[in-house]
Amino acid sequence: MKNLIRLLVIGLGLVLLSGCNGDPRSARGFRLPDGDAEAGLEAFIDMECNQCHTVRGEELPIIPGQDPPYFELGGEVTRVKTYGELVTSIINPSHKLATGYAKEVIAVGDESKMEVYNEFMTVQQLTDIVMFLQTHYDVRIPEHRYPTYPYP
Ligand code: HEC
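Attention here is on the structure that accompanies the text. Remember, it's a predicted structure, so these values are computed and weren't measured experimentally.

Procedures and definitions
Residues numbered from 1 in each chain as written. Predicted model: local features only at pLDDT ≥ 70, side-chain atom pairs only at ≥ 80, totals over all residues. Heavy atoms only, no water. Helix = DSSP H or I, 4+ residues; strand = E, 2+ residues; numbered from the N terminus. Buried < 20%, exposed > 50% of the residue type's maximum accessible area, 1.4 Å probe, protein only. Contact = heavy atoms within 4.5 Å. Areas by Shrake-Rupley, 256 points an atom, 1.4 Å probe, with all protein chains shown as cover. Arc of directions from axis to C-beta. Phe/Tyr/Trp six-rings, centres within 6.5 Å; stacked < 30°, edge-to-face > 60°. Lys NZ or Arg CZ within 6 Å of the ring centre and 35° of its normal. Axes fitted to C-alpha atoms, helices over the stretch in contact; angles between N-to-C directions. Parallel < 35°, antiparallel > 145°, perpendicular 65-115°, else oblique. Nonpolar A, V, L, I, M, F, W, Y, C, P; charged D, E, K, R; others polar. Left-handed = near helix turned anticlockwise from the far one by under 90°. Donors = N, O, S within 2.8 Å, 3.2 Å for Na, K, Ca; no water. Tetrahedral: all angles 85-135°; square planar, octahedral: opposite > 155°, others 65-115°.

**Things to note about the overall build of the protein chain**
Counting its regular elements, the protein chain contains 5 helices and 6 strands. What you see in the protein chain, going N to C, is helices and strands ordered as α-α-β-β-β-α-α-β-β-α-β. Residues counted as buried form 25% of the 152 residues belonging to the protein chain. Residue pairs at least 24 apart in sequence account for 61% of intrachain contacts in the protein chain once pairs closer than 6 positions are excluded. Accessible surface, the protein chain as shown: approximately 11,700 Å² in total, 58% of it carbon and sulfur.

**Some thoughts on the environment of Ile141**
Note that Ile141 resides in the segment after strand S6 (137-139). Put simply, Ile141 and Thr78 are 63 residues apart on the chain and 5.3 Å apart in space, counted from C-alpha to C-alpha.

**Observations regarding helix H3 (residues 83-91)**
What H3 keeps buried is the set Tyr83, Leu86, Val87 and Ile90. Along the axis of H3, the buried residues cluster in a sector spanning 100 degrees; they form a single face. Considering only its buried residues, H3 is in contact with helix H5 (123-134) and S6.

**Structural notes on the packing of aromatic side chains**
What the rule picks out here adds up to 3 aromatic pairs. Ring geometry for Phe71 and Tyr101: centres 5.2 Å apart, planes at 85 degrees, overall edge-to-face. Pair noted here: Phe71 is in strand S2 (residues 71-73) and Tyr101 is in the loop between H3 and helix H4 (103-106), with a separation of 30 residues, a long-range link. Directly above the ring of Tyr83 sits Arg31, whose terminal nitrogen or CZ lies 4.6 Å from the centroid.

**Considerations on the side chain of Asn50**
By the secondary structure assignment, Asn50 is in the loop between helix H2 (37-46) and strand S1 (53-55). Excluding residues that lie within four positions of it along the chain, Asn50 makes contacts with Phe44, Ile45, Leu60, Pro61, Ile63 and Tyr70.

**A short note on the packing of H2 against H5**
H5 packs onto H2 with a crossing angle of 105 degrees between their chain directions and a minimal axis gap of 7 Å. Judged on the interaxial angle alone, H5 and H2 are roughly perpendicular. From H2, Ala37, Ala39, Gly40, Leu41, Ala43 and Phe44 reach across to H5, where they touch Gln125, Asp128, Ile129, Met131, Phe132 and Leu133. For the contact of H2 with H5, a count of residues per class yields 9 nonpolar, 2 polar and 1 charged.

**Concerning the packing of H3 against H5**
Where H3 meets H5, the closest approach of the two axes is 10 Å, and the angle between their N-to-C directions is 125 degrees. As the angle between them shows, H3 and H5 are arranged oblique. The chirality of how H3 crosses H5 is right-handed. Listed contacts from H5 to Tyr83, Leu86, Val87, Ile90 and Ile91 of H3 are Leu126, Ile129, Val130, Leu133 and Gln134. Looking at the contact of H3 with H5, its residues break down into 9 nonpolar, 1 polar and no charged.

**Structural notes on the coordination of the iron atom of the ligand**
Under ideal tetrahedral coordination, the four donors around a metal are separated by 109.5 degrees; under ideal octahedral coordination, the six donors are separated by 90 or 180 degrees. On the protein side, the iron atom of the ligand has His53 (NE2) and Met114 (SD) as donor atoms, found 1.9 to 2.2 Å from it. Around the iron atom of the ligand sit 6 donor atoms, and with donor-metal-donor angles ranging over 87 to 179 degrees the site reads as octahedral. Pair noted here: His53 is in strand S1 and Met114 is in the loop between strand S5 (111-112) and H5, with a separation of 61 residues, a long-range link. For His53, a relative accessible area of 16% translates into the label buried.

Written out as structure tokens, the structure is:
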């Protein structure tokens, strides 16, 4: 029993230590400068993100020849879409695919169908687009109703 406790204490210590050292690939400390939402809308249209996306609450020009499905960005979500998540979805779309769609609709295998813009999108455009998109997400905490006895 004593040995077991000793092992647990050592194990816990190791876990804590590894947390302190940190993963060199961690995003901790990552912060881009704030962008400008209006310039973000312009960049969104310049980059033709509206080929595949609509944005809740925004009338975007239709690109002729493009067929739906469009993937809506913005709208109600149950938790804040973080800056890091939005940046990642734009510069590394296959890292974590959007939820709420059948996988075959949004990806080929594990690869997102989204184009990669990294060769030509400027950092300024990226930060502006993130600022623009963030203003279109609306966090709604779902209301939980617990049934009370007697059940209706
Ligand atoms: C060829 C179609 C296409 C184009 C063009 C495109 N996307 Fe996407 N995008 C997708 C698809 C499909 C998904 C869902 C799969 C995924 O998460 O990568 C997606 C997902 C996203 C997401 C994550 C949404 C979520 O709810 O997690 C963001 C943000 C996004 N796109 C932004 C952009 C921006 C900004 C541009 C332009 C710079 C762009 N997209 C251009 C197809 C496209």
